[in-house]
Amino acid sequence: MYSIEDELKTAKTVGITGHIRPDGDCTGSTLGLYNYIRENMPWIAVDIYLEPIEKHFEFLAGASDIRHSAENDIIYDVFVVLDCGDTSRVAEFSRKYIENAARTVCIDHHVASTGFADVNHVCPDVSSVCEVLFELLDSDKISRSTAECLYTGMVHDTGVFKYQSTTSRTMEIAGFLMNKGIDFTSIIDDTFFRKTYQQNLLLGKALLDSHRLLDGKLIYSFLTADTLKEYGVIGRDTGGIIDQLRFTEGAEVAVFMYELPDGKIKTSLRSVHNIDVNSIAGQFGGGGHLRASGFTTGLKAGEIVEKLEELVKQQL
Ligand code: 5GP
Ligand code: MN
(Lines give C-alpha, C1' and ligand atoms only; values in the text may rest on other atoms or scores of the structure.)
(Ligands and ions follow the chains in the order given, each with its own letter.)
Protein backbone atom coordinates (compact mmCIF):
# COMPACT_ATOMS: atom_id res chain seq x y z
CA MET A 1 0.00 0.00 0.00
CA TYR A 2 1.13 3.53 -0.79
CA SER A 3 2.54 5.34 2.25
CA ILE A 4 4.13 8.70 2.94
CA GLU A 5 6.95 6.93 4.79
CA ASP A 6 7.94 4.98 1.66
CA GLU A 7 7.46 7.98 -0.60
CA LEU A 8 9.78 10.20 1.41
CA LYS A 9 12.41 7.62 2.44
CA THR A 10 15.10 9.06 0.16
CA ALA A 11 13.88 12.64 -0.13
CA LYS A 12 16.07 15.40 1.31
CA THR A 13 13.86 18.33 0.38
CA VAL A 14 10.06 18.39 0.37
CA GLY A 15 7.67 21.19 -0.54
CA ILE A 16 3.96 21.25 0.34
CA THR A 17 1.06 23.31 -0.95
CA GLY A 18 -2.75 23.27 -1.30
CA HIS A 19 -5.39 25.27 -3.14
CA ILE A 20 -5.93 29.03 -3.32
CA ARG A 21 -8.06 30.63 -0.58
CA PRO A 22 -7.18 27.74 1.77
CA ASP A 23 -10.10 26.33 3.78
CA GLY A 24 -10.02 24.11 6.87
CA ASP A 25 -9.26 20.89 5.02
CA CYS A 26 -6.56 22.48 2.90
CA THR A 27 -4.96 24.23 5.89
CA GLY A 28 -5.28 21.16 8.13
CA SER A 29 -3.92 18.67 5.63
CA THR A 30 -0.93 20.76 4.51
CA LEU A 31 0.03 21.65 8.09
CA GLY A 32 -0.69 18.09 9.22
CA LEU A 33 1.77 16.68 6.69
CA TYR A 34 4.27 19.47 7.45
CA ASN A 35 4.25 18.67 11.19
CA TYR A 36 4.38 14.92 10.59
CA ILE A 37 7.48 15.28 8.43
CA ARG A 38 9.20 17.65 10.85
CA GLU A 39 8.53 15.38 13.80
CA ASN A 40 9.34 12.03 12.22
CA MET A 41 11.74 12.64 9.33
CA PRO A 42 14.50 14.88 10.65
CA TRP A 43 16.61 14.28 7.53
CA ILE A 44 14.12 16.23 5.40
CA ALA A 45 14.09 20.00 4.91
CA VAL A 46 10.41 20.75 4.47
CA ASP A 47 8.72 23.99 3.32
CA ILE A 48 5.03 24.83 3.19
CA TYR A 49 3.46 27.34 0.76
CA LEU A 50 -0.08 28.70 0.99
CA GLU A 51 -1.97 31.93 0.53
CA PRO A 52 -2.70 33.56 3.93
CA ILE A 53 -4.80 31.27 6.11
CA GLU A 54 -7.88 32.23 8.10
CA LYS A 55 -7.11 33.76 11.49
CA HIS A 56 -8.81 31.03 13.50
CA PHE A 57 -6.44 28.42 12.04
CA GLU A 58 -3.33 30.27 13.18
CA PHE A 59 -3.16 28.26 16.42
CA LEU A 60 -2.25 25.15 14.42
CA ALA A 61 1.41 24.13 14.82
CA GLY A 62 3.59 25.34 11.98
CA ALA A 63 1.15 28.05 10.85
CA SER A 64 3.76 30.77 11.31
CA ASP A 65 6.17 28.86 9.03
CA ILE A 66 3.85 29.08 6.02
CA ARG A 67 5.49 30.90 3.11
CA HIS A 68 3.38 33.27 1.06
CA SER A 69 5.82 33.84 -1.77
CA ALA A 70 8.44 31.93 -3.75
CA GLU A 71 11.62 33.32 -2.23
CA ASN A 72 14.07 30.75 -3.55
CA ASP A 73 14.66 28.67 -6.67
CA ILE A 74 14.98 25.35 -4.89
CA ILE A 75 14.18 22.22 -6.88
CA TYR A 76 12.39 19.95 -4.43
CA ASP A 77 12.99 16.20 -4.41
CA VAL A 78 9.28 15.75 -3.74
CA PHE A 79 6.53 18.37 -3.96
CA VAL A 80 3.17 17.43 -2.43
CA VAL A 81 -0.11 19.13 -3.41
CA LEU A 82 -3.03 18.50 -1.06
CA ASP A 83 -6.78 19.09 -1.50
CA CYS A 84 -6.24 20.37 -5.03
CA GLY A 85 -6.48 18.31 -8.20
CA ASP A 86 -5.79 21.07 -10.67
CA THR A 87 -2.60 23.16 -10.92
CA SER A 88 -4.64 26.20 -11.95
CA ARG A 89 -5.99 26.21 -8.36
CA VAL A 90 -2.65 26.36 -6.55
CA ALA A 91 -1.26 29.77 -5.61
CA GLU A 92 0.60 31.18 -8.58
CA PHE A 93 3.85 31.62 -6.64
CA SER A 94 4.11 27.89 -5.87
CA ARG A 95 3.52 26.73 -9.45
CA LYS A 96 7.18 26.84 -10.44
CA TYR A 97 8.03 24.42 -7.63
CA ILE A 98 5.55 21.90 -9.01
CA GLU A 99 6.92 22.30 -12.52
CA ASN A 100 10.54 21.94 -11.40
CA ALA A 101 10.24 19.26 -8.69
CA ALA A 102 11.93 15.92 -9.32
CA ARG A 103 8.72 14.18 -8.27
CA THR A 104 5.21 15.43 -7.59
CA VAL A 105 2.51 13.87 -5.43
CA CYS A 106 -1.17 14.86 -5.38
CA ILE A 107 -3.29 13.80 -2.40
CA ASP A 108 -6.86 14.77 -3.11
CA HIS A 109 -10.56 13.91 -2.92
CA HIS A 110 -12.07 15.96 -5.74
CA VAL A 111 -14.14 14.07 -8.32
CA ALA A 112 -12.57 15.97 -11.20
CA SER A 113 -8.96 15.71 -10.00
CA THR A 114 -6.89 15.96 -13.18
CA GLY A 115 -4.07 13.56 -12.33
CA PHE A 116 -1.38 16.17 -13.00
CA ALA A 117 1.21 14.70 -10.61
CA ASP A 118 3.59 11.75 -10.90
CA VAL A 119 1.65 10.05 -8.10
CA ASN A 120 -2.06 10.86 -7.76
CA HIS A 121 -3.63 9.50 -4.62
CA VAL A 122 -7.23 10.62 -5.14
CA CYS A 123 -10.18 9.28 -3.12
CA PRO A 124 -13.38 11.06 -4.23
CA ASP A 125 -15.52 9.11 -1.76
CA VAL A 126 -13.55 10.22 1.27
CA SER A 127 -14.98 13.24 3.07
CA SER A 128 -11.76 15.19 3.61
CA VAL A 129 -8.15 15.14 2.44
CA CYS A 130 -7.19 15.01 6.10
CA GLU A 131 -8.89 11.61 6.24
CA VAL A 132 -7.14 10.50 3.03
CA LEU A 133 -3.81 11.65 4.48
CA PHE A 134 -4.39 9.91 7.81
CA GLU A 135 -4.57 6.56 5.99
CA LEU A 136 -1.16 7.23 4.41
CA LEU A 137 0.58 7.97 7.73
CA ASP A 138 1.83 5.68 10.49
CA SER A 139 -0.86 6.45 13.08
CA ASP A 140 1.49 5.68 15.99
CA LYS A 141 3.71 8.55 14.86
CA ILE A 142 0.95 11.15 14.83
CA SER A 143 1.57 13.78 17.53
CA ARG A 144 -1.02 15.87 19.31
CA SER A 145 -0.12 18.84 17.05
CA THR A 146 -0.54 16.83 13.89
CA ALA A 147 -3.78 15.37 15.26
CA GLU A 148 -5.13 18.90 15.78
CA CYS A 149 -4.44 19.72 12.13
CA LEU A 150 -6.10 16.57 10.78
CA TYR A 151 -9.10 16.84 13.10
CA THR A 152 -9.63 20.48 12.08
CA GLY A 153 -9.73 19.56 8.40
CA MET A 154 -12.11 16.67 9.05
CA VAL A 155 -14.47 18.92 11.02
CA HIS A 156 -14.59 21.49 8.23
CA ASP A 157 -15.07 19.21 5.23
CA THR A 158 -17.74 17.11 6.98
CA GLY A 159 -19.65 20.10 8.42
CA VAL A 160 -18.83 18.73 11.89
CA PHE A 161 -19.29 15.07 10.97
CA LYS A 162 -22.69 15.26 9.36
CA TYR A 163 -22.40 15.55 5.57
CA GLN A 164 -23.31 12.47 3.55
CA SER A 165 -19.63 11.80 2.94
CA THR A 166 -19.12 11.07 6.65
CA THR A 167 -18.60 7.35 7.27
CA SER A 168 -18.06 5.12 10.28
CA ARG A 169 -14.37 5.12 9.31
CA THR A 170 -14.40 8.95 9.51
CA MET A 171 -15.70 8.67 13.06
CA GLU A 172 -13.13 6.00 13.96
CA ILE A 173 -10.31 8.25 12.79
CA ALA A 174 -11.81 11.24 14.60
CA GLY A 175 -11.97 9.10 17.77
CA PHE A 176 -8.36 8.05 17.31
CA LEU A 177 -7.31 11.71 16.96
CA MET A 178 -9.37 12.65 20.05
CA ASN A 179 -7.33 10.12 22.02
CA LYS A 180 -4.21 12.16 21.24
CA GLY A 181 -5.52 14.68 23.76
CA ILE A 182 -6.73 17.40 21.41
CA ASP A 183 -9.21 20.03 22.59
CA PHE A 184 -11.93 18.97 20.15
CA THR A 185 -14.62 21.22 21.66
CA SER A 186 -12.53 24.36 21.14
CA ILE A 187 -11.50 23.29 17.65
CA ILE A 188 -15.15 22.96 16.62
CA ASP A 189 -16.42 26.07 18.42
CA ASP A 190 -13.50 28.40 17.66
CA THR A 191 -12.77 27.43 14.05
CA PHE A 192 -16.18 26.34 12.75
CA PHE A 193 -18.99 28.10 14.62
CA ARG A 194 -17.46 31.24 16.13
CA LYS A 195 -18.13 34.40 14.08
CA THR A 196 -17.16 37.98 14.69
CA TYR A 197 -20.01 40.41 15.36
CA GLN A 198 -19.41 41.88 11.88
CA GLN A 199 -19.64 38.43 10.29
CA ASN A 200 -22.94 37.82 12.06
CA LEU A 201 -24.29 41.16 10.83
CA LEU A 202 -23.24 40.24 7.29
CA LEU A 203 -24.95 36.86 7.63
CA GLY A 204 -28.12 38.73 8.56
CA LYS A 205 -27.70 41.01 5.56
CA ALA A 206 -27.15 38.05 3.21
CA LEU A 207 -30.29 36.33 4.54
CA LEU A 208 -32.39 39.50 4.28
CA ASP A 209 -31.22 39.95 0.70
CA SER A 210 -31.76 36.30 -0.33
CA HIS A 211 -34.23 35.36 -3.06
CA ARG A 212 -35.91 32.15 -4.13
CA LEU A 213 -36.66 30.66 -7.55
CA LEU A 214 -38.22 27.42 -8.81
CA ASP A 215 -40.83 27.30 -6.03
CA GLY A 216 -38.19 27.84 -3.38
CA LYS A 217 -36.00 24.96 -4.57
CA LEU A 218 -33.25 27.39 -5.51
CA ILE A 219 -32.19 30.02 -2.98
CA TYR A 220 -29.47 32.55 -3.63
CA SER A 221 -27.84 35.62 -2.16
CA PHE A 222 -25.22 38.01 -3.52
CA LEU A 223 -22.94 40.42 -1.66
CA THR A 224 -21.10 43.15 -3.54
CA ALA A 225 -17.52 44.13 -2.79
CA ASP A 226 -18.85 47.42 -1.42
CA THR A 227 -21.11 45.61 1.05
CA LEU A 228 -18.24 43.42 2.23
CA LYS A 229 -16.17 46.56 2.72
CA GLU A 230 -18.97 48.31 4.56
CA TYR A 231 -19.19 45.41 7.04
CA GLY A 232 -15.42 45.07 7.25
CA VAL A 233 -15.48 41.40 6.28
CA ILE A 234 -13.21 39.90 3.64
CA GLY A 235 -14.66 37.48 1.12
CA ARG A 236 -13.11 34.30 2.45
CA ASP A 237 -14.55 35.05 5.93
CA THR A 238 -18.11 34.58 4.66
CA GLY A 239 -18.14 30.88 5.59
CA GLY A 240 -21.39 29.93 7.28
CA ILE A 241 -23.62 32.03 5.04
CA ILE A 242 -24.02 29.25 2.48
CA ASP A 243 -24.77 26.78 5.27
CA GLN A 244 -27.58 28.89 6.64
CA LEU A 245 -29.06 29.31 3.14
CA ARG A 246 -28.93 25.52 2.75
CA PHE A 247 -31.10 25.08 5.82
CA THR A 248 -34.01 26.97 4.28
CA GLU A 249 -37.08 24.72 4.19
CA GLY A 250 -37.81 23.58 0.65
CA ALA A 251 -34.38 24.48 -0.73
CA GLU A 252 -32.68 21.90 -2.97
CA VAL A 253 -29.80 24.12 -4.05
CA ALA A 254 -28.25 27.06 -2.18
CA VAL A 255 -26.13 29.63 -3.95
CA PHE A 256 -23.95 32.23 -2.32
CA MET A 257 -22.08 34.75 -4.46
CA TYR A 258 -19.70 37.52 -3.49
CA GLU A 259 -17.78 39.99 -5.54
CA LEU A 260 -13.98 39.82 -5.47
CA PRO A 261 -11.86 42.98 -5.50
CA ASP A 262 -11.22 42.49 -9.25
CA GLY A 263 -14.97 42.48 -10.00
CA LYS A 264 -15.20 38.74 -10.66
CA ILE A 265 -17.75 36.77 -8.68
CA LYS A 266 -16.91 33.83 -6.45
CA THR A 267 -19.87 31.46 -6.22
CA SER A 268 -20.51 28.61 -3.78
CA LEU A 269 -23.10 25.93 -4.54
CA ARG A 270 -24.57 23.43 -2.09
CA SER A 271 -27.03 20.65 -2.84
CA VAL A 272 -29.40 19.53 -0.11
CA HIS A 273 -30.40 16.16 -1.59
CA ASN A 274 -29.81 14.83 -5.07
CA ILE A 275 -28.85 17.65 -7.39
CA ASP A 276 -25.32 17.29 -8.71
CA VAL A 277 -23.76 20.71 -8.18
CA ASN A 278 -20.31 19.53 -9.26
CA SER A 279 -21.48 19.26 -12.86
CA ILE A 280 -23.27 22.61 -12.59
CA ALA A 281 -20.10 24.33 -11.35
CA GLY A 282 -18.30 22.65 -14.25
CA GLN A 283 -20.49 24.62 -16.65
CA PHE A 284 -18.87 27.77 -15.25
CA GLY A 285 -15.32 26.38 -15.28
CA GLY A 286 -15.35 25.35 -11.60
CA GLY A 287 -15.89 22.07 -9.79
CA GLY A 288 -15.77 20.39 -6.41
CA HIS A 289 -18.00 17.63 -5.12
CA LEU A 290 -21.47 16.25 -5.81
CA ARG A 291 -23.06 18.31 -3.03
CA ALA A 292 -20.55 21.15 -2.58
CA SER A 293 -18.90 23.01 -5.40
CA GLY A 294 -17.80 26.43 -6.51
CA PHE A 295 -16.49 28.61 -9.32
CA THR A 296 -15.21 32.09 -10.05
CA THR A 297 -16.47 33.90 -13.12
CA GLY A 298 -16.47 37.22 -14.92
CA LEU A 299 -20.25 36.95 -15.49
CA LYS A 300 -22.59 39.36 -13.70
CA ALA A 301 -24.61 38.09 -10.71
CA GLY A 302 -27.88 38.28 -12.67
CA GLU A 303 -26.40 36.24 -15.52
CA ILE A 304 -25.12 33.62 -13.09
CA VAL A 305 -28.54 33.28 -11.46
CA GLU A 306 -30.31 33.01 -14.80
CA LYS A 307 -27.96 30.26 -15.97
CA LEU A 308 -28.15 28.45 -12.64
CA GLU A 309 -31.94 28.49 -12.69
CA GLU A 310 -31.89 26.76 -16.07
CA LEU A 311 -29.28 24.18 -15.03
CA VAL A 312 -31.04 23.31 -11.76
CA LYS A 313 -34.39 23.08 -13.56
CA GLN A 314 -32.93 20.51 -15.95
CA GLN A 315 -32.06 18.28 -13.00
CA LEU A 316 -35.28 18.64 -11.00
P1 5GP B 1 -16.53 26.56 -1.52
O2 5GP B 1 -17.88 26.86 -2.04
O3 5GP B 1 -16.55 26.27 -0.06
O4 5GP B 1 -15.50 27.57 -1.93
O5 5GP B 1 -16.07 25.24 -2.23
C6 5GP B 1 -16.78 24.05 -2.16
C7 5GP B 1 -16.03 22.97 -2.90
O8 5GP B 1 -15.93 23.31 -4.27
C9 5GP B 1 -14.61 22.77 -2.41
O10 5GP B 1 -14.35 21.39 -2.38
C11 5GP B 1 -13.74 23.44 -3.41
O12 5GP B 1 -12.54 22.80 -3.54
C13 5GP B 1 -14.57 23.38 -4.69
N14 5GP B 1 -14.39 24.61 -5.46
C15 5GP B 1 -14.70 25.85 -5.06
N16 5GP B 1 -14.38 26.76 -6.02
C17 5GP B 1 -13.85 26.05 -7.06
C18 5GP B 1 -13.30 26.41 -8.33
O19 5GP B 1 -13.26 27.58 -8.73
N20 5GP B 1 -12.86 25.39 -9.11
C21 5GP B 1 -12.91 24.08 -8.71
N22 5GP B 1 -12.43 23.15 -9.53
N23 5GP B 1 -13.39 23.71 -7.51
C24 5GP B 1 -13.86 24.67 -6.68
MN1 MN C 1 -11.21 19.22 0.93
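Before going into details, it helps to say that this report is about the structure given with it. (Residues numbered from 1 in each chain as written. Chains lettered and ligands numbered in written order. Predicted model: local features only at pLDDT ≥ 70, side-chain atom pairs only at ≥ 80, totals over all residues. Heavy atoms only, no water.)

## Some remarks on the pairing of strand 9 (residues 265-271)
Across the seven residues that make up strand 9, a large majority, seven, are buried. Bridge count for strand 8 (residues 253-259) against strand 9 is seven bridges, and the pairing is antiparallel. Residue pairing for strand 9: Ala-254 is matched across the bridge by Arg-270. With antiparallel pairing between neighbouring strands as the criterion, strand 8 and strand 9 make up a hairpin whose turn holds five residues, including Gly-263 at a positive phi of roughly 95 degrees. Note that strand 9 and strand 11 (residues 292-297) share six bridges and pair antiparallel. Note on strand 11: the bridge partner recorded for Arg-270 is Ala-292. (Buried < 20%, exposed > 50% of the residue type's maximum accessible area, 1.4 Å probe, protein only. Helix = DSSP H or I, 4+ residues; strand = E, 2+ residues; numbered from the N terminus. Pairing = 2+ DSSP bridges.)

## Thoughts on the nonpolar core
Counting 49 residues, the largest nonpolar core has Val-14 and Ile-107 as the members making the most contacts within it. If we ignore the near neighbours within four places in the chain, the residues touching Val-14 are Leu-8, Ile-37, Ile-44, Ala-45, Val-46, Asp-47, Tyr-76, Val-78 and Val-80. Ranked by size, the runner-up nonpolar core spans 20 residues in total, among them Leu-218, Tyr-220, Leu-269 and Val-312. (Core = buried A, V, L, I, M, F, W, Y, C linked by side-chain atoms within 4.5 Å. Contact = heavy atoms within 4.5 Å.)

## Section: the environment of Met-257
With respect to the element layout, Met-257 can be found in strand 8. Classification of Met-257 by relative accessible area gives buried; the value is 0%. Sequence separation between Met-257 and Ser-268 is 11 residues; the distance between their C-alpha atoms is 6.4 Å. Once you skip the residues sitting within four places of it in the chain, Met-257 turns out to touch Tyr-220, Ser-221, Phe-222, Leu-223, Ile-265, Lys-266, Thr-267, Ala-301, Ile-304 and Val-305.

## Structural notes on the site of ligand 1
By nearness alone, 14 residues border ligand 1, and His-110, Lys-266, Ser-268, Arg-270 and His-289 come closest of all. Ser-268 is positioned such that a nitrogen or oxygen atom in its side chain is 2.6 Å from an oxygen atom of ligand 1. A distance of 2.8 Å separates an oxygen atom of ligand 1 from a polar atom in the side chain of Arg-270. Considering ligand 1 on its own, with 500 Å² of exposed area, one finds that the protein chains cover 79% of that surface. Breaking the shell around ligand 1 down by element, the ones donating at least two residues are strand 9, strand 10 (287-288) and strand 11. Counting residues per element, the shell around ligand 1 draws most heavily on strand 11, at five residues. (Near = heavy atom within 4 Å. Polar contact = N/O pair within 3.5 Å; in protein donor to acceptor, adjacent residues only side chain to side chain. Areas by Shrake-Rupley, 256 points an atom, 1.4 Å probe, with all protein chains shown as cover.)

## Structural notes on the coordination of the manganese ion (ligand 2)
Asp-25 (OD), Asp-83 (OD), His-109 (NE2) and Asp-157 (OD) make up the full set of protein donors to the manganese ion (ligand 2), lying at 2.2 to 2.4 Å. Each donor residue of the manganese ion (ligand 2) belongs to the same chain, with the gaps between them written as D-x57-D-x25-H-x47-D. Of this pair, His-109 sits in the loop between strand 4 (103-108) and strand 5 (119-122) while Asp-157 sits in helix 5 (residues 144-157), and the two are 48 residues apart along the sequence. Look at His-109 and you get buried, because its relative accessible area is 1%. According to the relative accessible area criterion, Asp-157 is buried, its value standing at 16%. (Donors = N, O, S within 2.8 Å, 3.2 Å for Na, K, Ca; no water.)

## Examining the sheet that holds strand 8
Sheet strands pair via backbone hydrogen bonds, and the direction of the pair is either parallel or antiparallel. Taken together, six strands build an open sheet; the order of strands is 6-7-8-9-11-10 and the sheet is mixed. This sheet does not close on itself; its edge strands, each paired only once, are strand 6 (211-213) and strand 10. The pairing of strand 6 with strand 7 (residues 218-223) spans three bridges and is classified as antiparallel. Looking at strand 7, one finds that Arg-212 is bridged to Ile-219.

## Overview of the sheet that holds strand 5
Read from one edge to the other, the open sheet built from five strands follows the order 2-1-3-4-5, with strand pairing classed as parallel. Sheet topology places strand 2 (45-49) and strand 5 at the edges, where each strand pairs with a single neighbour. Strand-to-strand twist across the sheet, computed as the mean angle between neighbouring axes with direction ignored, equals 15 degrees. Looking at chain direction, strand 3 (residues 78-82) and strand 4 are connected through five bridges and run parallel. Bridge pairing in strand 4 links Val-81 to Cys-106. Of the strands in this sheet, strand 1 (13-17), strand 2 and strand 3 are in contact with helix 2 (residues 24-40), which crosses strand 2 at around 170 degrees. (Axes fitted to C-alpha atoms, helices over the stretch in contact; angles between N-to-C directions.)

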